[in-house]
Amino acid sequence: MVFEKCQRELDGDLHVFHDLAWDDPSLQESKTAGQIDFVVVHPLRGIICLEVKGGRCRYHADTRTWETMDRDDRTVEIADPFDQARVAARVLVKLLQRQPALKGQFIPVASAVAFPDCVLPRDRALRADIQKWQILNQDDLFDLGTAIDRVLDGAFSRNVMRRDHGLRLVEGVKALFGTRDIEGHAPLASRIRAAEERLVRLTEQQKRILDALRLQRRLLIRGCAGSGKTILAVHKARCLAEEGKRVLLTCFNIPLGHHLRRMTSDHEGIIAGPFLELCVNWLREGGEVEAHAHDDEWWSSTLPSLVADRLNQIPFRFDAIVVDEGQDFREAHWTLIELLLSDPDGGALIVFADQGQNIYSGWDKYPMMPAPVILDRNVRNTDPVFAIVKPLCPPGVDMLSSGVEGPVPRLVRYSDNGHMLTMIEAVLSELVRESVSISDVVVLGTRGQARTALKYGSKIGPFTLVSERRDSRDLLAMTVQRFKGLERRAVIVCELDSAQKVDDLLYVAATRSSALLYILATDEAYRRLCRLPLRQSDIQA
């Protein structure tokens, strides 16, 4: 994603090179083998070696160590990214000065680190050897050109080189990538990663929406599946918290709520999570709720009424509330949400919704909202997946494609539950052969644990079905309903065994895939799905 934004947004004077690697035992007093994610060359100002670190990164000052947390909340210790970038800068100078045209020449070079999935503070120095301008955060990706200019300003004086010398540096860096063309087989994993990187998470349309969000305190944003609503919701919550506001970021769906909590766990000003779970926790803190099952009426009406009656026992209100997947909420939920605002008239209430995904029969009316803003471009799915989804759009839902190519979705037929599990195992075997990580895969069914063949704790091949991954052999499995609002690179949809379920659930299920989609169906659903642009699978059990 960073490379695509560089290509699209940086001005013509900047030359961006991706993934420079070296392996040279003769590099004395330097790292003999290594890699840097980006080399950015400005022909008048100098070279920036830019390392990119994904995930939620953390620095431990007492041990001078770094770690990152992935989407499954697994923490992994990583090398110091600033040291990596500095070493790469020193090596780059040595490699360039070996070239006849640059031997003994002045080569201005500096280093920086980009964190596309989190925000590190820049209000004070992280370390004595790390300057503020060397840090690019998630928010910098919204205006990458300005961020790169800030790095160049921090590293170099204006126009420190003659243009002819700078252009020789550009050619010198090009030469380090080689000049001989080769061709090889691209594994499926690399194809889906490439497709995912090309999917634009914040389009120009979304940037305009963000500008509007800064000005309005009440806003309803309707967006089709995959239009980036959750990304915008998280970003808006962060922006409001940066203004010093206490923010509630919430949704109806439990897994999505936990995802929102992980995405904002680094910010003390944001309380995030699934709305009903938060309500229960607030009551339990006052000893009001027993731990037992309740019916739908209790969750949709009684629970919000109990919280409303005991608002004075909740020690705080919120200056702003951001709601994702607002179409899932009931009338009583909205009444309580307004009561949770510290200023019901002036507090910010931002709602993101998609009536096409109203599979919980929510209340499609929102409190004191102006006319909605529409997000109609799908920025999650490749064009082949979009071609499946478009005919399934509910009435009144319009969608525009992302324009990104990718693998064609596969349609697999099965006869019964045993055969379905066998075909899922065959799909998983193909994915593993093609170097797809099992952490990038989810299996989506249509039945709860009491009726499904996807029982938690059971195995499909070497993998154990789980609701939350903790081990490398764990395979995430959920119902379509519970996974709503989330995504994975590879999605296997199954238990489509009646014609009625196909259109109702496939619109939601298919849009969970950012690149690769397998649809498993019984004969009746299979015949119905043959009308869609699916590749009938040749997978063998």
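Residues numbered from 1 in each chain as written. Predicted model: local features only at pLDDT ≥ 70, side-chain atom pairs only at ≥ 80, totals over all residues. Heavy atoms only, no water.

(A) Broad picture of the overall build of the protein chain. Looking only at helices and strands, the protein chain features 15 helices and 22 strands. Buried positions account for 53% of the 541 residues belonging to the protein chain. Taking as baseline every contact in the protein chain between residues at least 6 positions apart, the subset at least 24 positions apart corresponds to 70%. Taken as a whole, the protein chain presents about 23,900 Å² of accessible surface, with 49% of it coming from carbon and sulfur. (Helix = DSSP H or I, 4+ residues; strand = E, 2+ residues; numbered from the N terminus. Buried < 20%, exposed > 50% of the residue type's maximum accessible area, 1.4 Å probe, protein only. Contact = heavy atoms within 4.5 Å. Areas by Shrake-Rupley, 256 points an atom, 1.4 Å probe, with all protein chains shown as cover.)

(B) Structural detail: the nonpolar core. If you look at the biggest cluster of nonpolar residues, it comprises 56 residues, and the most contacted ones within it are L249, V322, L506, Y507, I519 and L529. The element best represented in this core is helix α14 (residues 499–510), accounting for 7 residues. Apart from residues lying up to four places away in sequence, I519 is in contact with I388, R410, L411, V412, V493, L496, L506, L529 and L534. Within the second largest apolar cluster, 34 residues are counted, among which are L20, C57, L95 and V113. (Core = buried A, V, L, I, M, F, W, Y, C linked by side-chain atoms within 4.5 Å.)

(C) Here's a closer look at the sheet that holds strand β12 (residues 320–323). With respect to topology, 6 strands assemble into an open sheet ordered β11-β10-β12-β13-β9-β14, the strand pairing being parallel. Each edge of the sheet is formed by a strand with only one pairing partner; in this case those strands are β11 (270–274) and β14 (373–375). On average, each strand axis in the sheet is inclined to that of its neighbour by 15 degrees, with strand direction left out of account. Bridge count for strand β9 (residues 218–223) against strand β13 (residues 348–353) is 5 bridges, and the pairing is parallel. Residue pairing for β13: R218 is matched across the bridge by L349. Those strands touched by helix α8 (residues 254–263) are β10 (247–251) and β11, and its axis lies near 160 degrees from that of β11. (Pairing = 2+ DSSP bridges. Axes fitted to C-alpha atoms, helices over the stretch in contact; angles between N-to-C directions.)

(D) Structural detail: helix α7 (residues 229–242). Along its 14 residues, α7 runs 20 Å from first to last C-alpha, staying within 8% of the 20 Å computed at 1.5 Å per residue. Three or more residues of α7 are buried, namely K229, T230, L232, A233, V234, H235, K236, A237, R238, L240 and A241. Just downstream of α7, G244 is the residue with a positive phi angle, here 90 degrees. (Expected span 1.5 Å × (residues − 1).)

(E) Here's a closer look at the packing of aromatic side chains. Across all of its chains, the model carries 10 aromatic pairs by this definition. Note on F329 and W334: the rings are 5.3 Å apart at their centroids and 40 degrees apart in plane angle, and the pair reads as tilted. Here the two residues F329 and W334 agree in accessibility, since each one is buried. By the ring-pair criterion, three or more aromatic residues cluster together here, those being Y59, W66, F82 and F115. Across the ring face of Y526, the terminal group of R413 is positioned such that the distance to the ring centre comes to 3.9 Å. (Phe/Tyr/Trp six-rings, centres within 6.5 Å; stacked < 30°, edge-to-face > 60°. Lys NZ or Arg CZ within 6 Å of the ring centre and 35° of its normal.)

(F) Expanded view of the environment of F38. Summarising the element assignment, F38 is placed in strand β2 (residues 33–42). Assessed through its relative accessible area of 4%, F38 is described here as buried. In the structure, F38 is positioned 14 residues away from V52 in sequence and 8.0 Å away in space, judged by C-alpha atoms.

(G) Geometry of unusual backbone geometry. For S435, which is not glycine, the phi dihedral falls at a positive 70 degrees. Mapped onto the elements of the fold, S435 is located in the loop between α13 (417–433) and β16 (441–445). A positive phi angle is found at E495, which is not glycine, with a value near 65 degrees. Of note, E495 is situated in strand β20 (residues 488–496).

(H) Inspection of the sheet that holds strand β5 (residues 65–69) at higher detail. What the 3 strands build is an open sheet, ordered β4-β5-β6; its pairing is antiparallel. Two strands lie at the open edges of the sheet, namely β4 (56–60) and β6 (75–78), each paired on one side alone. Between one strand axis and the next, the sheet turns through 30 degrees on average, direction left out of account. Relative to β5, β4 runs antiparallel, the two sharing 5 bridges. Opposite H60, over in β5, you have T65 as the bridge partner.

(I) How the structure looks around the pattern of salt bridges. Under the definition given, this model contains 23 salt bridges. Here E495 and R447 are joined by a salt bridge, their closest N and O atoms 3.4 Å apart. Of this pair, E495 sits in strand β20 while R447 sits in the loop between β16 and β17 (459–460), placing them 48 residues apart in sequence. For E468, the salt bridge is made with R470, and the minimal N-O distance between the two is 3.8 Å. It is possible to trace a salt-bridge network through shared partners that takes in D80, D83, R86, R127 and D129. (Salt bridge = Lys/Arg side-chain N within 4 Å of Asp/Glu carboxyl O.)

(J) Just the pairing of β9, in detail. β9 sits mainly inside the fold: 5 of its 6 residues count as buried. With 3 bridges connecting them, β9 and β14 associate as parallel partners. Along β14, the bridge assignment pairs I221 with V373.

(K) Spotlight on the packing of helix α9 (residues 275–285) against helix α11 (residues 331–339). Running from N to C, α9 and α11 cross one another at 60 degrees; their axes reach a closest spacing of 12 Å. Here α9 is positioned oblique relative to α11, judged by the angle of their axes. At the point where α9 passes α11, the crossing takes the left-handed sense. Where α9 approaches α11, its residues F275, L276 and C279 are matched on the opposing element by H333, L336 and I337. Partitioned by chemical class, the residues of the contact of α9 with α11 number 5 nonpolar, 1 polar and no charged. (Parallel < 35°, antiparallel > 145°, perpendicular 65-115°, else oblique. Left-handed = near helix turned anticlockwise from the far one by under 90°. Nonpolar A, V, L, I, M, F, W, Y, C, P; charged D, E, K, R; others polar.)

(L) Structural view of the environment of F275. Mapped onto the fold, F275 is located in helix α9. Residue F275 is classed as buried on the basis of its relative accessible area of 0%. Spatially, the C-alpha atom of F275 lies 8.3 Å from that of I254, the residues being 21 residues apart in sequence. With residues up to four places along the chain from it excluded, the contact list for F275 reads T250, C251, F329, H333, L336, I337 and L340.

That is the geometry; function is a separate question.
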